[in-house]
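# Notes for the structure review
Read off the chains here:
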Amino acid sequence: MTAPRSLAVPAGGFRRIAVLRLSSLGDVVLTLPVVHALRREWPEAELQYWVKEEYAAVLRHDPAVSRVRALERDARRLEDLVSMSAELEDRDLVVDLHGSVRTRVLAFRLPAPVLRLRGRRLERERWVRARWTRPAPLPHATARYAEVLAPLGLAAAEPPRLTLDPEAAAWAEVQHGGFGRREVVALCPGARHATKCWPEERWCELEAALAEAGVARVVLTTPAERRAMPRLAAQVSGGEGAVWATESLERSIAWLSRCTLAVTHDSGLMHVAAACGKPVVALFGSTSPVLGFAPCGPGHAVLSRELPCQPCTVHGR
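Calculation criteria
Residues numbered from 1 in each chain as written. Predicted model: local features only at pLDDT ≥ 70, side-chain atom pairs only at ≥ 80, totals over all residues. Heavy atoms only, no water. Pairing = 2+ DSSP bridges. Helix = DSSP H or I, 4+ residues; strand = E, 2+ residues; numbered from the N terminus. Axes fitted to C-alpha atoms, helices over the stretch in contact; angles between N-to-C directions. Contact = heavy atoms within 4.5 Å. Buried < 20%, exposed > 50% of the residue type's maximum accessible area, 1.4 Å probe, protein only. Parallel < 35°, antiparallel > 145°, perpendicular 65-115°, else oblique. Left-handed = near helix turned anticlockwise from the far one by under 90°. Nonpolar A, V, L, I, M, F, W, Y, C, P; charged D, E, K, R; others polar.

### Here's the deal with the sheet that holds strand S2 (residues 46-52)
Two orientations exist for strands paired in a sheet by backbone hydrogen bonds: parallel and antiparallel. Ordered by their spatial adjacency, five strands build an open sheet running S3-S2-S1-S4-S5, and the pairing between neighbours is parallel. Taken across any chain shown, the strands that pair with only one partner, and hence form the sheet edges, are strand S3 (67-71) and strand S5 (114-116). With direction set aside, neighbouring strand axes in the sheet form an average angle of 20°. Contacting strand S1 (16-20), S2 and strand S4 (93-96), helix H2 (residues 32-41) crosses the sheet at an angle of about 165° to S2.

Shown next as structure tokens:
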């Protein structure tokens, strides 16, 4: 069932809460203010967070989360989710911050009230297909997630903040020590959608300019992203004062927490860096910050030409 506009809170408050946001990296990070608001209101509640296993590192060490329910890569078919929904039957509140087919299947037969994210697909598509109607910029994604808590009278206005894995934090401290405790700039030239990516030759120019200025650099990508940028990889490996890290998400988060600032695409690591409290220079190409996914919090710079054709699609093209 979908919760009414105002939701009655049981005596003693909610005791068993489930939050659903299966993907992607940036979106999971941006839900953290909602999670922390729920924890502040009901500090004794058992709070489960359901997420795909590849993004579980965002939540695993957060004291607001009692348990991370990670969905394995081979268990995401609809029949799997129907079976898994039985695990939610003892919840007295479900907060669906995804509103996808999968999360609707997980929650469809539950007796507990469900607070669900209001979809804004049509508003985003209006920017792509009917810009002549002069649509207003969408609220930031964190504000849209916070709207879900309105029936409970709760606010979640603070920027997202990440909790580090202690082992990864210790590892990153050692890595940072290799630079002699110098300030380090993080370069994050990857993105889930290739359409969001700045050309490799531009990243090479930026990396060379930083090297010329004596600035230490760490390049953070997946192994596949590194293979897709052979020129940049060769330049970094052959230079001084730079390393390329293709590490786990836990270690990438910890590395970003050690950096002075990050240069990123409109990507998950953009939101990770901001949630580590680091200033971000965010490069928006075929997407646009008007869709509500600029880095959250003060001190960031968003570089976007705001061309008449921008955004080309919801995810760029």
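### Here we look at helix H12 (residues 268-275)
With respect to burial, H12 is a largely interior element, eight of its eight residues being buried. Listed as buried for H12 are Gly268, Leu269, Met270, His271, Val272, Ala273, Ala274 and Ala275. On the buried face of H12, the contacting elements are helix H1 (25-30), strand S6 (184-188), strand S7 (216-220), helix H11 (249-258), strand S9 (261-265) and strand S10 (280-283). Phi turns positive, to about 80°, at glycine 277, one or two residues after H12.

### A short note on the environment of leucine 164
Following the sequence through the fold, leucine 164 ends up in the loop between helix H6 (141-147) and helix H7 (166-177). Owing to a relative accessible area of 29%, leucine 164 belongs among the partly exposed residues under this scheme. Spatially, the C-alpha atom of leucine 164 lies 29 Å from that of leucine 206, the residues being 42 residues apart in sequence.

### Observations concerning the packing of helix H8 (residues 200-212) against helix H10 (residues 230-237)
Two quantities define a packed helix pair, namely the angle between the axes and the distance from one axis to the other. Contact geometry for H8 and H10: axes closest at 9 Å, N-to-C directions at 15°. The orientation of H8 relative to H10 falls into the category roughly parallel. Two packed elements cross with a definite hand, and for H8 against H10 that hand is right-handed. Of the residues in H10, those touching H8 at Glu200, Glu201, Trp203, Cys204, Glu207 and Ala208 are Pro230, Arg231, Leu232, Gln235 and Val236. Among the residues forming the contact of H8 with H10, the class breakdown is six nonpolar, one polar and four charged.

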